[in-house]
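Topology and contacts: notes
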Amino acid sequence: MGRRISISATLLAVVLVLPLGAAGDDRPGLVERTRATLATLVAFDTTNPPGNEAELAAWARDSLAADGIDARLVGPPDADGRANLIARVPGRSKSKKPLVVVAHVDVVGTEGQAWTTDPLTLTEQDGFVYGRGVIDNKGMVAASIEILRAMALSGKKPKRDVVLLLAADEESGGTVGTGWLLANEPDLLEAEYVLNEGGDVRIVGDGVAYVGLQTTEKLSYTFTLTADGQDGHSSMPLPNNAIARLGAAVADVSVLRWPLRTLPTTRAFAEGVAGSLEAPMDTTIAAVAEVAPGDPVPKVHEPTLEADPFWNASLRTTCVPTMIDGGTRSNALPARATAKVNCRLLPDEDVNAAAALLSETVEPHGVTVTFNNSGKVSPVSPEDGPVFKAARAAAGDVWPDAVVAPFMGTGGTDCRRFRTAGAACYGLLPFPLTADDERRMHGTDERLGVDDLAEGTLFLQQLILELSR
Ligand SMILES: [Zn+2]
């Protein structure tokens, strides 16, 4: 609780001290409205599937329209109950390309999770607000809506158009959401910059250590392992049982280790954040930052890095079995058994080489590997340009001690679609979180610190203002 108390004092100072004109005129008001809007958004059940985002999107449209902001609902005509929202605050210059802020409004379900509060009611307890989606991604939706409103009501036109895109269906593939939007609203790709979820504002110890601005992400491929066997009656076993061979193959795949290594992005990230980590990770990551991209990280650091799921996933390609299926009845020999192995490849990894290694590993068990070569490497968004400058200025206002560093997401986001289409896209999650709290995303008792909600909102507002003036 110490951090909450000391941060409240810092926040008060931030709210009171910052020049008013720089950030709209009413910071406490913005924070309060964001919190109220978040409560409204959490109460819309947008669990995906089925999503049902249309009601929330209509509420946001009406709420923004009431303040004179141009907002409309768009989406595939045959998608019942689904909708995306596009709202726009026009800028002074039509020759400048817009800033597009993307936030998804659907959430993952809570079935099977033992919540201590009602996940569809924003509930404050012990300095936190609890509710499904507060981290992923309704907090950012609420802040973006209120930042746009404040911008429009301030009467000061931004230099460029600021477009807010509230997207449906992010949690189930995005066909109704950004997938549809980028195919049907090509204007969105004309953006100078796109801000989306996917980065990190990390609390280490008592304060915000760093802001990770996501510029690239790992690639997801799912491989199918298949073992075929002779079927028949289980009373008369045969050699080469399909399930047994598949099991052995899965076990062998599970212990594969790709080399730990850096890319330019992860090396810059390590260099930026090493000094703000706690021992022993600080010295380990400082050493990682010394390793040239492409070279392996020295073996001596492997145990520390492998014990940390975040750094392990950030510094190597990983493959993990996620599904298994085989047999048709308990008294029949299985004719076939299959397993899914999900691999997250470093962006420069050769997928065919990974497939070859998997094949080689399972081949002695008579198991085959197939995959669908549909992944596409997207370009890395610029890591030293105006967005980093703006993020440093914005972070400097709210968290003066925090480092801003480029960041590679270990998961996938909609930024990939924007980058592939040629737009510079940056992933962020503007609210400070500890590693533990971030693990509640998609899980039980998802929560945000009350002060962290406020600080993240002010950071996002500053960033949007910096990029649009
Ligand atoms: Zn999300």
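Residues numbered from 1 in each chain as written. Predicted model: local features only at pLDDT ≥ 70, side-chain atom pairs only at ≥ 80, totals over all residues.

The subject of this paragraph is the domain arrangement of the chain. Domains assigned within the chain are domain 1 (2–198 + 413–468) and domain 2 (219–371). The C-alpha centroid of domain 2 is placed 34 Å from the C-alpha centroid of domain 1. (Domains from an automatic or database assignment.)

Next up on the list: the nonpolar core. Nonpolar side chains in soluble globular proteins tend to be buried together. Counting residues in each nonpolar core, the largest one holds 108 residues, and the members touching the most others are Leu148, Leu165, Leu166, Val194 and Val273. Residues within four places of Val273 in sequence aside, it is in contact with Ala209, Tyr210, Ile285, Val403 and Ala405. Counting residues in hydrophobic clusters, the runner-up holds 22 residues, among them Val341, Leu346, Leu358 and Val367. (Core = buried A, V, L, I, M, F, W, Y, C linked by C-beta atoms within 7 Å. Buried ≥ 20, exposed ≤ 12 C-beta atoms within 10 Å, placed from the backbone. Contact = placed C-beta atoms within 7 Å.)

Moving on, we come to unusual backbone geometry. Between Pro49 and Pro50 the backbone carries a cis peptide bond, its omega angle lying at 5 degrees. Here Pro50 shows up in the loop between α2 (27–43) and α3 (54–65). The residue after Ala279, namely Pro280, is reached through a cis peptide bond having omega 0 degrees. In this structure, Asp126 is a non-glycine residue whose phi angle is positive, near 50 degrees. Counting through the fold element by element, Asp126 comes out in the loop between β4 (123–125) and β5 (128–130). On the neighbour-count criterion, Asp126 (10 C-beta atoms within 10 Å) is exposed. (Helix = DSSP H or I, 4+ residues; strand = E, 2+ residues; numbered from the N terminus.)

With antiparallel pairing, 4 strands are arranged side by side in an open sheet as β12-β14-β10-β15. Every interior strand has two partners, whereas the edge strands, β12 (318–326) and β15 (368–371), have only one. Taking the axes of each pair of neighbouring strands and ignoring which way they run, one obtains an average angle of 25 degrees across the sheet. Its contacts with the sheet put helix α11 (residues 351–362) on β10 (219–228), β14 (336–345) and β15, and the angle it makes with β15 is roughly 155 degrees. (Pairing = 2+ DSSP bridges. Axes fitted to C-alpha atoms, helices over the stretch in contact; angles between N-to-C directions.)

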